[in-house]
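# Summary of structural features
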Amino acid sequence: MAILFLAPPTQCRSFSPLVFNHLSGETSSSSRLSLKTTGVENWVSRFRSKSLSLVFSGALALSLSLSGVGFAEAKVGVNKPELLPKEFTSVIDVAGFLSNGQEKRIAQEIADLEKDTGFKLRVLAQNYPVTPGLAIKDFWQVDDSTIVFVADPTFGNILNFNVGATVDLDIPRSFWSRLAGKYGNMFYWKEKGEDASIEAAVMAISSCLREPVGRNNCAEIN
């Protein structure tokens, strides 16, 4: 199933690999399906402008599959700045998934990535509703070049993303859903641990963002 979510603790802007084709002037069943799918795409586009605020408030979760659009359980918004660290860090683990050594390795990888590419990866590990929520937006100064990666196993898949507009231009949308499918599924993180899923996802994102932009960039989940 291809999934699109627009708020944590569920996947945010982890886009499905659907192809939206519009065949004008045809009345076949495939044309009607295409028109219906295009309508879904337009619906999703209207929500994209709201996704940045929703991802921090936890107010809404949506899922998009090949069978249509459905609603997941709505969640009450959270804003707990007291859960933020006193000093800036690109990795916040309020769930205790990562060791100190893992946090340092991930933070160093993120620093190197930002220096080399200009993209800002930020990692929040949480168990909803124990999360800083909305407070991370200002803490991290989230902008169009930011990827907010929320690791939260609440709904099964632990990998959840909010992708800035600039990143969205360079990275295929299917990459995020393929990444979540490979390293975020429940079988993977229950067998190898939440920390393994987080580290694998960070390295895959770093590898993808370093690839030259082109037709086949990020085709593989490394």
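Calculation rules
Residues numbered from 1 in each chain as written. Predicted model: local features only at pLDDT ≥ 70, side-chain atom pairs only at ≥ 80, totals over all residues. Heavy atoms only, no water. Pairing = 2+ DSSP bridges. Helix = DSSP H or I, 4+ residues; strand = E, 2+ residues; numbered from the N terminus. Axes fitted to C-alpha atoms, helices over the stretch in contact; angles between N-to-C directions. Contact = heavy atoms within 4.5 Å. Phe/Tyr/Trp six-rings, centres within 6.5 Å; stacked < 30°, edge-to-face > 60°. Buried < 20%, exposed > 50% of the residue type's maximum accessible area, 1.4 Å probe, protein only. Disulfide = S-S within 2.5 Å. Salt bridge = Lys/Arg side-chain N within 4 Å of Asp/Glu carboxyl O. Core = buried A, V, L, I, M, F, W, Y, C linked by side-chain atoms within 4.5 Å.

Another aspect to go through is the sheet that holds strand β3 (residues 91-93). Spatial ordering of the open sheet is given by β3-β4-β5-β6, a layout of four strands whose pairing is mixed. Whereas interior strands pair on both sides, the edge strands pair on one side only; in this sheet they are β3 and β6 (159-163). Adjacent strand axes in the sheet meet at a mean angle of 15° when their direction is disregarded. In the packing of helix α3 (residues 100-117) onto the sheet, the strands contacted are β3 and β4 (120-125), and the crossing angle to β4 comes to about 160°.

This brings us to the packing of aromatic side chains. The final tally for this structure, using the stated rule, is five aromatic pairs. Measuring from ring centre to ring centre gives 5.3 Å for F149 and F161, while their planes differ by 35°; the resulting arrangement is tilted. Here F149 is found in strand β5 (residues 146-151), whereas its partner F161 is found in strand β6, with 12 residues between them in sequence. In terms of burial, F149 and F161 fall into one category: buried. Plain terms: the ring middles of Y183 and Y188 are 5.3 Å apart, the flat faces sit at 65° to each other, and that makes the pair edge-to-face. Y188 shares its class with Y183; the two are buried.

Within the structure shown, the criterion is met by one disulfide. Linked covalently through their sulfurs, C208 and C218 form a disulfide whose S-S length is 1.9 Å. One quick way to see it: the torsion about the S-S bond of C208 and C218 is about 90°, and its sign makes the bridge right-handed. Remark: C218 occurs in the segment after α8 (194-210) and C208 occurs in helix α8; sequence separation between them is 10 residues. Given a relative accessible area of 2%, C208 falls into the buried group.

This paragraph deals with the pattern of salt bridges. Under the defined criterion, the tally for this structure stands at six salt bridges. For the salt bridge of D116 with R210, the shortest nitrogen-to-oxygen distance reads 2.6 Å. With a gap of 94 residues between them, D116 in helix α3 and R210 in helix α8 connect regions that are remote in the sequence. You can call D116 exposed: its relative accessible area is 52%. Beyond isolated ion pairs, a larger network of salt bridges with shared partners links E109, D116 and R210.

Before going further, it helps to examine the environment of F88. For F88, the position within the fold is in the loop between β2 (68-71) and β3. Under the relative-accessibility criterion, F88 is labelled exposed at 52%. F88 sits 51 residues away from F139 along the chain, and the two C-alpha atoms are 7.6 Å apart.

Proteins that are soluble and globular tend to have nonpolar side chains buried together. Grouped together as the largest cluster of nonpolar side chains are 36 residues, with contacts concentrated most on F149, W176, L179 and I198. Counting residues per element, the ones that place at least two in this core are α3, β4, β5, β6, α6 (173-183), α7 (186-192) and α8. The element that contributes the greatest number of residues to this core is α8, accounting for eight residues. Setting aside residues up to four positions removed in sequence, L179 forms contacts with L159, F161, G184, A201, A204, I205 and I221.

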